[in-house]
Each structure stands twice: as C-alpha cells, then as structure tokens.
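Observations on the three-dimensional arrangement
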Amino acid sequence: MTAVATRAANQSYRKVLRNRRVAALLLGDLIASVGTGMILVAMPVQTLSIHGSVAKALAIGMVEAAPFVLSTVLALSIGLGRVRIPPRTLLIADCTLRALTFAWLGLLALTDRLTLPVLVAGLLLGATFRMAGSSSRRLLATSLVDDSGRFAVNGLLGLNTTFALYIVGPVLGGLIAASTSPGVALISDAAGALILLATVVAAVPRAVEAQNAVKRRPSHESGWRILRRRPVAARLLFVEFFFNFLYMPVEIALPLYVRAKLDLDATALGLMWGALGIGAFVGASLVNQLRHLPQRHVLVAVIALWALCPITLAAVSSRPAAMIVFGLGGLVYAPFTPVVYSFLQSGLAPDEQQQVVTLWTTGAMVAAPLGLAAGGPLIELAGITGGLVLSGALTLLLVPIAAVAVLRRG
C-alpha cells in the first residue's frame with residue numbers, strides 16, 4: 001500500500017465526515033452498536049442461566065435466531081414485493097420498538113423473572129424492524145453523500161460495526177454479565193437505540209428525506225427483478241448467503257468453547273469478541289485503500305482466509321492463542337461487507353436502492369437463523385471442536401464455487 005493511496009483514503013474519510021449530517025448519523029450508529037455488542041455476549045450468558053431442560057447449544061441457537069424471524073418477513077416484503085416505506089420511518093420504528101422491548105426484558109432479567117420462552121418471544125418481537133432498519137441506516141448515510149463518497153461511507157459504517165459491535169460492546173458486555181447481570185446489558189442496548197433515534201430525528205429531518213425522494217422516480221420493480229439484470233450481483237448474493245450460513249455455528253460454539261475448552265468466564269468471552277473486533281477494526285480501516293483493487297478477487301480471498309479461522313481455533317486451547325486466531329479472523333473478514341455493498345450500490349439507480357439493498361441485507365442475514373438452527377444440533381452432535389472444524393471445512397468448499405460465481409462475467 002503506497003503512501004499516496006493511504007493519504008487519498010484518509011482524505012476521502014475526512015471529506016465525508018465534514019458533512020455534519022453524515023457525521024451525526026455515524027455517531028448515533030456507533031453508540032447504538034455498542035449496546036448491540038454488549039448483548040452479543042450477555043445473551044448467551046443469560047441463556048445458560050435459564051435454559052432449564054433445553055440443551056445448552058439448542059437454547060443458545062433459539063435465542064440467537066429469534067431476532068431474525070419477523071424481521072425477515074418484513075424485509076422480504078420490501079425487497080421482493082412492492083412495499084415501500086421511507087428508510088427514515090423504518091429506522092425510527094426499529095429504534096422505538098427495540099428500546100421498549102429490550103428495556104422490558106432487561107427489567108425482567110434484573111428481577112429474576114425472565115424465562116427462556118419470554119426471552120425468545122421478546123427478541124422475536126423487539127427485532128421486527130431489525131433487517132429493514134439495518135439497511136435503512138446504510139441507505140440514509142449513503143444518500144447524504146454523492147457517488148464518490150459512497151465507498152468511504154460504507155467503510156466508515158464497517159469501522160463502526162467492528163469497533164462498537166466487536167471491541168467495546170463485547171468487552172463491556174462480558175464485564176457487566178460477570179459482575180452484575182446480563183439485564184444491565186439489555187437496558188444499555190435499549191438506551192443506545194434511543195440515542196440513535198434522537199440522532200436520526202435531528203440529523204435526517206423529514207425535509208432532507210423529501211428532497212432525496214424528489215430525486216428518485218418511484219419504482220414498482222422488485223429487488224430480485226432488478227438484481228437479475230446484474231447476474232454477477234445475483235450470484236454474489238447466493239455466495240454471501242452460504243458464507244454467512246456456514247459462519248453461524250461459530251457463534252453457538254464460541255461461548256461453549258470459552259467455558260468448556262478454555263475453562264473461563266463471561267469476561268473471557270467478551271475479550272474473545274474484542275480480539276475479533278480489534279482485528280476487524282484494522283481490516284475495516286484499510287477498506288478505503290482497497291477501492292482500486294479488483295473487488296471480486298478481494299471478496300473470494302476473504303472467504304478463503306476466514307475459513308481457516310474456525311479450523312485453527314479448534315486446534316488451540318489457550319486464551320492468548322485463541323484471541324490471536326480470532327483477531328486474525330476479524331482482520332481478513334472485515335473488508336467483505338463494505339466492499340460487497342459498494343460493489344452492489346455502484347450499479348443501481350437511486351430509485352432502485354431501497355428494494356435491492358433491503359433484499360440483499362435480508363438474503364445475507366436470513367442465513368443467520370437458518371445457520372443457527374442448523375448450528376445447534378451440529379454442535380450437539382459433533383462437539384465444540386468438531387463443529388468449528390466443520391464450519392471452516394465447509395467454508396473452504398465454498399471458495400471454488402465463489403470463484404466461479406463471482407469472477408465469471410456475464
């Protein structure tokens with residue numbers, strides 16, 4: 001990486017952040033992501049304390065999968081159908097419902113009245129707008145800059161995710177779960193959602209969204225029909241679905257790996273996620289400097305390198321070694337999402353953005369509940385080590401498929 005490329009990348013970031021609306025929206029996203037990162041650790045800990053007669057891996061899988069069910073139905077209605085809801089409205093609805101539901105779950109946890117069915121039902125309801133809200137954050141942020149700033153905005157959103165969701169959030173969540181109660185993490189996530197809500201209302205007033213709507217012609221095409229005109233993008237969605245699907249058993253195995261193989265507590269689980277986040281933060285900080293590389297080749301390389309992470313993780317049994325392996329996994333994984341969204345959005349007209357980006361986000365994220373549903377029984381049958389190895393080995397088998405699907409033109 002040349003010094004000229006580095007300076008150009010940094011200038012691109014600074015130019016985007018000089019836009020006060022973008023900077024405010026990114027700050028709100030950062031704070032909200034810290035809360036989400038906290039429950040990434042707190043929820044498995046909470047689940048293990050209330051799972052009752054349900055097998056541990058299956059209980060964790062149910063809790064992890066619950067937020068994706070109703071949100072998938074809504075997002076598919078937008079991506080595949082003709083439902084059009086302004087991104088600002090969707091994000092406000094997501095923040096409001098999440099804040100109310102997670103605060104209620106947190107209070108139940110603090111008073112020892114939270115049960116596994118109630119937790120699953122609360123996560124199911126509270127995350128109804130999760131996928132649509134996630135794509136709306138990206139749509140609102142990228143709509144506030146011109147085409148030349150889109151890559152930088154996607155890169156900064158990636159930095160937010162890695163820093164807050166995988167570094168600060170999990171470490172805080174682990175400390176809170178170990179020293180107080182996972183309910184505190186749930187209430188903190190609710191507070192983060194309220195902060196993002198206030199930021200959206202202030203940074204993206206209705207007048208701004210109305211101006212953006214004037215620039216777009218209303219499109220009645222579904223996201224899938226638009227994607228079919230870009231065969232490479234459609235094939236890439238197929239690849240990303242299975243990439244995410246094969247990753248999900250790692251999320252189920254990790255809390256069990258930390259507790260059983262490393263013989264450590266929730267704080268160590270938070271540090272493991274923090275190690276992933278540090279690596280991902282470094283990787284995400286380099287995203288804008290990768291913009292001149294062949295993006296399709298970068299995506300295939302990420303899949304191949306990540307596949308080695310769970311395989312190597314299964315072979316180590318000390319916390320320092322495990323944290324190094326997970327950190328390297330985050331480093332190679334981080335560029336995938338910003339690069340893939342920039343590649344996707346670069347070929348879309350303004351009136352095609354919402355349905356296609358929402359469909360893409362849904363297609364990528366719907367792999368999560370399916371992967372978690374398969375991951376629970378997989379970990380129960382194959383064990384922690386065997387499940388990690390299978391996750392990595394199957395991802396390696398995806399590499400040649402990805403190479404053919406993504407690198408082939410037409």
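Bear in mind that the values here come from a model prediction, so they are computed numbers and not experimental data.

A separate point is the overall build of the protein chain. Across its full length, the protein chain carries 18 helices and 0 strands. Burial analysis of the protein chain (410 residues in total) assigns 57% to the buried set. Within the protein chain, contacts between residues separated by at least 24 positions form 88% of all contacts whose residues are at least 6 apart in sequence. Here the protein chain has roughly 16,400 Å² of accessible surface; of this, 68% comes from carbon and sulfur atoms.

On the secondary structure map, Val63 appears in helix H3 (residues 56-65). Given the relative accessible area of 3%, Val63 is considered buried. Along the primary structure Val63 and Leu116 are separated by 53 residues, whereas in three dimensions their C-alpha atoms are 8.1 Å apart. Sequence-distant contacts of Val63, that is, excluding residues within four places in its chain, are made with Met43, Thr47, Leu116, Leu119, Val120 and Leu123.

Residues Ile278, Val282, Leu286, Ile324, Leu328 and Leu331 make up a contiguous nonpolar surface patch of about 510 Å² in total accessible area. Among the secondary structure elements, those contributing two or more residues to the nonpolar patch are helix H13 (266-285) and helix H15 (319-333). Sort the elements by how many residues they give to the nonpolar patch and H15 lands first, with 3 residues. When you line up the elements, Leu286 lands in the loop between H13 and helix H14 (295-315).

With that settled, consider the packing of aromatic side chains. Applying the stated criterion to the full structure yields 10 aromatic pairs. Arranged with centres 5.5 Å apart and planes meeting at 35°, the rings of Phe243 and Tyr333 form a pair that is tilted. In this pair, Phe243 is assigned in helix H12 (residues 231-261) and Tyr333 in helix H15, connecting sequence segments 90 residues apart. Chaining the aromatic ring pairs together yields one cluster made of Phe243, Tyr247, Trp306, Tyr333 and Phe336.

Per-chain confidence: the protein chain averages 82 in pLDDT, with 88% of residues scoring 70 or above. Considering each helix and strand of the protein chain separately, the mean pLDDT is smallest for helix H10 (residues 206-214), with a value of 52, and largest for helix H6 (residues 116-126), with 94. With pLDDT under 50 throughout, residues 1-6 is counted as low confidence; its partners more than four residues away or in other chains account for 5 contacts.

Moving on to the packing of H14 against helix H16 (residues 336-345). The N-to-C vectors of H14 and H16 enclose an angle of 150°; their axes lie 10 Å apart at closest approach. The angle between H14 and H16 falls in the class roughly antiparallel. Viewed along their axes, H14 and H16 form a crossing whose handedness is left-handed. Residues Gln295, Arg296, Leu299, Val302 and Ile303 of H14 form the contact with H16, whose participating residues are Phe336, Val339, Val340 and Phe343. Looking at the contact of H14 with H16 residue by residue, the classes come out as 7 nonpolar, 1 polar and 1 charged.

By size, the foremost hydrophobic cluster in this structure holds 72 residues, and its most contacted members are Tyr257, Trp273, Leu313, Phe326 and Trp360. Among the elements that make up this core, the one with the highest residue count is H12 (15 residues). Counting 25 residues, the second-largest nonpolar core is a separate cluster that includes Ala42, Leu108, Ala190 and Ala193.

With respect to the helices and strands, Ser136 occurs in helix H7 (residues 130-143). At 2.7 Å, the side chain of Ser136 forms a polar contact with the backbone oxygen of Ala132. Contact partners of Ser136, with chain neighbours within four places excluded, come to Pro87, Leu90 and Leu91.

This part covers the pattern of salt bridges. Inspection of every chain in the model, using the stated rule, returns 2 salt bridges. One salt bridge connects Asp29 with Arg137, and the closest N-O pair in it is separated by 2.5 Å. A residue pair is termed long-range when its members are at least 10 positions apart, and Asp29 in helix H2 (residues 20-50) and Arg137 in helix H7 qualify at 108 residues. Each member of the pair, Asp29 as well as Arg137, is classed as buried.

What counts and what doesn't
- Residues numbered from 1 in each chain as written.
- Predicted model: local features only at pLDDT ≥ 70, side-chain atom pairs only at ≥ 80, totals over all residues.
- Heavy atoms only, no water.
- Helix = DSSP H or I, 4+ residues; strand = E, 2+ residues; numbered from the N terminus.
- Buried < 20%, exposed > 50% of the residue type's maximum accessible area, 1.4 Å probe, protein only.
- Contact = heavy atoms within 4.5 Å.
- Areas by Shrake-Rupley, 256 points an atom, 1.4 Å probe, with all protein chains shown as cover.
- Patch = residues over 30% accessible without salt bridge, like charges linked within 9 Å, V, L, I, M, F, W, Y side chains within 5 Å.
- Salt bridge = Lys/Arg side-chain N within 4 Å of Asp/Glu carboxyl O.
- Phe/Tyr/Trp six-rings, centres within 6.5 Å; stacked < 30°, edge-to-face > 60°.
- pLDDT = per-residue confidence, 0-100.
- Axes fitted to C-alpha atoms, helices over the stretch in contact; angles between N-to-C directions.
- Parallel < 35°, antiparallel > 145°, perpendicular 65-115°, else oblique.
- Left-handed = near helix turned anticlockwise from the far one by under 90°.
- Nonpolar A, V, L, I, M, F, W, Y, C, P; charged D, E, K, R; others polar.
- Core = buried A, V, L, I, M, F, W, Y, C linked by side-chain atoms within 4.5 Å.
- Polar contact = N/O pair within 3.5 Å; in protein donor to acceptor, adjacent residues only side chain to side chain.

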